[in-house]
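# Report on the structure
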Amino acid sequence: MLEQDYIMRLIKEMLRMLLKLLFHIDLKNPITELVEESEEKQTIENLIRLIDQGNINEAENEVYDMIAEKGRAQLKTALLFYAYLNEKPNDFLETNHFSREEIKQGVENLVECYGLESVADTFLDP
């Protein structure tokens, strides 16, 4: 349990730092308030809905399809997706066949896709 909490904090701090540095936004606000573009807002709302319904793998697949474009908006949406998912309690993740380790791996894959591996290494490989 302590290890899961530790991983959760590492992921949260890395996501918070990336969002602040790259997009000048803070995770203190609700996720849906952090996007202004209507298409981007619709995408994150759909991803959040899928997560809340327990369709985490489906949502993550949509994120992977989305980041294939490698645009700035896609990176922001993907970071917000993982930030929202990371806030879910461990029992919710377990019930929906997902783990904190899978969130960590997803974030690592995301930053690698965008050439930000050194950030992931700094935060996720203590």
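See above for the structure.
Reading guide: rules and limits
- Residues numbered from 1 in each chain as written.
- Predicted model: local features only at pLDDT ≥ 70, side-chain atom pairs only at ≥ 80, totals over all residues.
- Heavy atoms only, no water.
- Helix = DSSP H or I, 4+ residues; strand = E, 2+ residues; numbered from the N terminus.
- Contact = heavy atoms within 4.5 Å.
- Phe/Tyr/Trp six-rings, centres within 6.5 Å; stacked < 30°, edge-to-face > 60°.
- Lys NZ or Arg CZ within 6 Å of the ring centre and 35° of its normal.
- Expected span 1.5 Å × (residues − 1).
- Axes fitted to C-alpha atoms, helices over the stretch in contact; angles between N-to-C directions.
- Parallel < 35°, antiparallel > 145°, perpendicular 65-115°, else oblique.
- Left-handed = near helix turned anticlockwise from the far one by under 90°.
- Nonpolar A, V, L, I, M, F, W, Y, C, P; charged D, E, K, R; others polar.
- Salt bridge = Lys/Arg side-chain N within 4 Å of Asp/Glu carboxyl O.
- Buried < 20%, exposed > 50% of the residue type's maximum accessible area, 1.4 Å probe, protein only.

Turning to the environment of K70, a few remarks are in order. You can see K70 is positioned in the loop between helix 3 (56–67) and helix 4 (72–86). Measuring from C-alpha to C-alpha, the distance between K70 and L110 comes to 9.8 Å, with 40 residues separating the pair along the chain. In this structure K70 touches C113 and Y114, once residues within four positions along its chain are discounted.

This part takes up the packing of aromatic side chains. For the structure shown, the criterion picks out one aromatic pair. Pairing F81 with Y82 gives two aromatic rings, centres 4.8 Å apart and planes at 75°, and the pair type is edge-to-face. The side chain of K88 reaches across the aromatic face of F92, ending 5.0 Å from its centre.

Let us now look at helix 6 (residues 100–113). In this model helix 6 runs 20 Å from its N-terminal to its C-terminal C-alpha over 14 residues, within 8% of the 20 Å that 1.5 Å per residue would give. After helix 6 finishes, the residue G115 shows a positive phi value of roughly 75°.

Our focus in this paragraph is the packing of helix 2 (residues 38–52) against helix 3. Direction vectors running N to C along helix 2 and helix 3 enclose 155°, while the axes themselves pass 7 Å from each other. When the axis of helix 2 is compared with that of helix 3, the two are roughly antiparallel. In the packing of helix 2 onto helix 3, the handedness of the crossing is left-handed. Side by side, helix 2 and helix 3 meet where T43, N46, L47, L50 and I51 of the first sit next to I56, E58, A59, E62, V63 and M66 of the second. For the contact of helix 2 with helix 3, the class distribution of residues is seven nonpolar, two polar and two charged.

Our focus in this paragraph is the pattern of salt bridges. Applying the stated criterion across every chain, the model contains six salt bridges. The partner of R16 in a salt bridge is E13, and the shortest N-O contact between them spans 2.9 Å. You can see R16 and its partner E13 sitting in helix 1 (residues 2–23), three residues apart, about one turn around the helix. A residue is classified by how much of its surface remains accessible, and E13, at 32% relative accessible area, is partly exposed. Among the salt bridges present, the one from K104 reaches E101, with a minimum N-O distance of 3.8 Å. With K104 and E101 both in helix 6, this residue pair falls three residues apart, about one helical turn. When its relative accessible area of 13% is taken as the criterion, K104 is described as buried. When salt bridges that share partners are traced, they join E101, K104 and E108 into one network.

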